[in-house]
Amino acid sequence: MADLDLRPERRDQLAAGLREELEALIPGSSTTLRGSLAARTADPYSDIDLCWVASDQTFPAAVSAAEGLAAKLPSVQAVRVDPGLARSDRRRLVFVRLARVPLFWRVDLDVRTRSVAADDSYDDGNPAARDATGWSPPASAIENAIAAIKSSVRGRTDVTSGLLTRGYERIGLAPPPDTDLTGLITRLAESCARLEPGLASMASEVREVTETLLAPSPGTRA
């Protein structure tokens, strides 16, 4: 069953525990909250943005540890590396899926050397830093489905449409015509799972969460 326990204090505990585990992996490293959690503007659907800073000397070890988190920490289910920074000499962006937590609480982990710790744009758009080897379009597209649920419950229907269009494009499909919002989201997730069977469990969660949070109440007229 999908986890819909969205208590903020639970997410705070998850973030604190992950920060401790990361810092223990690389002695002398440090983590900080970023994004809405750091700004105290988060809502129950906000993800967990972290910055993990290591010395320039230990950066390769930090990158290796980040990319191998799923094998190192029982709390981690899956890890993906953003292709835009996959070959950067001083920075990586790693997307972490925690086990047994709400779909909305993905961890976006920005790994940096201390020398560029304050540079939020280091290597952004640098072609030499890019490497799409191993990047999964279906795994990326299913994240669009999850983001579409999030934007919908926040009332951002303008954002939702773009997320779904880009999600279908990533797997070479067009959004099916004459399909309501819940159908567009669940079909995108299920199409991703057909292309990559390892996503089947996530697609099932997407369907359950979509039907729970977005399906019209009984008796509601279209």
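Residues numbered from 1 in each chain as written. Predicted model: local features only at pLDDT ≥ 70, side-chain atom pairs only at ≥ 80, totals over all residues. Heavy atoms only, no water.

**Student:** Pulling in residues and values, what's your account of the overall build of the protein?
**Tutor:** Scanning the protein from terminus to terminus reveals eight helices and five strands. Starting at the N terminus and ending at the C terminus, the protein contains elements arranged as α-β-α-β-α-α-β-β-β-α-α-α-α. Its C-alpha radius of gyration of 18 Å places the protein within 12% of the 17 Å reference for a compact globule of 222 residues. Each of the three principal axes of the protein carries a C-alpha extent, and together these read 60 × 40 × 30 Å. Put simply, the protein has 222 residues, and 48% of those count as buried. Put simply, of all contacts in the protein between residues at least 6 apart along the chain, 62% involve residues at least 24 apart. Summed over its atoms, the accessible surface of the protein is roughly 11100 Å², and 51% of this surface lies on carbon and sulfur atoms. (Helix = DSSP H or I, 4+ residues; strand = E, 2+ residues; numbered from the N terminus. Rg over C-alpha atoms; globule rule 2.2 N^0.38 Å. Buried < 20%, exposed > 50% of the residue type's maximum accessible area, 1.4 Å probe, protein only. Contact = heavy atoms within 4.5 Å. Areas by Shrake-Rupley, 256 points an atom, 1.4 Å probe, with all protein chains shown as cover.)

**Student:** Break down the sheet that holds strand 1 (residues 30–34) for me, with residues and values.
**Tutor:** Spatially, five strands are ordered 1-2-5-4-3 in an open sheet, and the strand pairing comes out mixed. In this open sheet, the two edge strands, each paired with only one partner strand, are strand 1 and strand 3 (76–81). Neighbour-to-neighbour, the strand axes of the sheet open up by a mean angle of 25 degrees, direction not taken into account. Strand direction decides the pairing type here: strand 2 (residues 48–54) and strand 5 (residues 107–113), joined by seven bridges, are parallel. The residue of strand 5 that forms the bridge with tryptophan 52 is valine 111. Most of the contacts of helix 3 (residues 59–67) go to strand 5, to which it runs at about 165 degrees, and overall it touches strand 2, strand 3, strand 4 (91–98) and strand 5. (Pairing = 2+ DSSP bridges. Axes fitted to C-alpha atoms, helices over the stretch in contact; angles between N-to-C directions.)

**Student:** Tell me what's going on with helix 8 (residues 200–213), and back it up with residues and numbers.
**Tutor:** Spanning 14 residues, helix 8 covers 20 Å between terminal C-alpha atoms, matching the ideal 20 Å at 1.5 Å per step. In this fold, the buried residues of helix 8 make contact with strand 4, helix 5 (137–153) and helix 7 (181–195). (Expected span 1.5 Å × (residues − 1).)

**Student:** Could you give an account of the packing of aromatic side chains, naming the residues involved and the relevant values?
**Tutor:** Within the structure shown, the criterion is met by two aromatic pairs. Centre to centre, the rings of tyrosine 45 and phenylalanine 104 are 5.2 Å apart; their planes meet at 90 degrees, and the pair counts as edge-to-face. With tyrosine 45 in the loop between helix 2 (35–39) and strand 2 and phenylalanine 104 in the loop between strand 4 and strand 5, this pair connects stretches of sequence that are 59 residues apart. Phenylalanine 104 sits in the buried class, given a relative accessible area of 3%. (Phe/Tyr/Trp six-rings, centres within 6.5 Å; stacked < 30°, edge-to-face > 60°.)

**Student:** Break down the side chain of serine 29 for me, citing the residues and quoting the values.
**Tutor:** With respect to the secondary-structure elements, serine 29 resides in the loop between helix 1 (8–25) and strand 1. By relative accessible area, which is 11% here, serine 29 ends up buried. Within the structure, serine 29 has its side chain in polar contact with the side chain of tryptophan 52 (distance 3.0 Å). If near-sequence neighbours (up to four positions away) are discounted, serine 29 is found in contact with Leu22, Glu23, Trp52, Val53, Ala54 and Arg114. (Polar contact = N/O pair within 3.5 Å; in protein donor to acceptor, adjacent residues only side chain to side chain.)

**Student:** Talk me through the environment of leucine 109; I want residue IDs and the actual numbers.
**Tutor:** Within the secondary structure layout, leucine 109 lies in strand 5. Distance in space between the C-alpha atoms of leucine 109 and asparagine 126 is 19 Å, their sequence separation being 17 residues. For leucine 109, the contacting residues outside a window of four places in its chain are Leu22, Leu50, Trp52, Ala66, Leu69, Arg92, Leu93 and Val94.

**Student:** Account for unusual backbone geometry, naming residues and giving values.
**Tutor:** Notably, arginine 40 is not glycine yet its phi reads approximately 60 degrees, a positive angle. Phi is positive for aspartate 178, close to 55 degrees, though the residue is something other than glycine.

**Student:** Provide a residue-level description of the pattern of salt bridges, including the pertinent values.
**Tutor:** Oppositely charged side chains can form a pair if their charged atoms are brought close together. On inspection of all chains with the given rule, the structure shows 18 salt bridges. A salt bridge links arginine 91 to aspartate 124; the shortest N-O distance between them is 2.9 Å. Of this pair, arginine 91 sits in strand 4 while aspartate 124 sits in the loop between strand 5 and helix 5, and the two are 33 residues apart along the sequence. By relative accessible area, which is 5% here, arginine 91 ends up buried. (Salt bridge = Lys/Arg side-chain N within 4 Å of Asp/Glu carboxyl O.)

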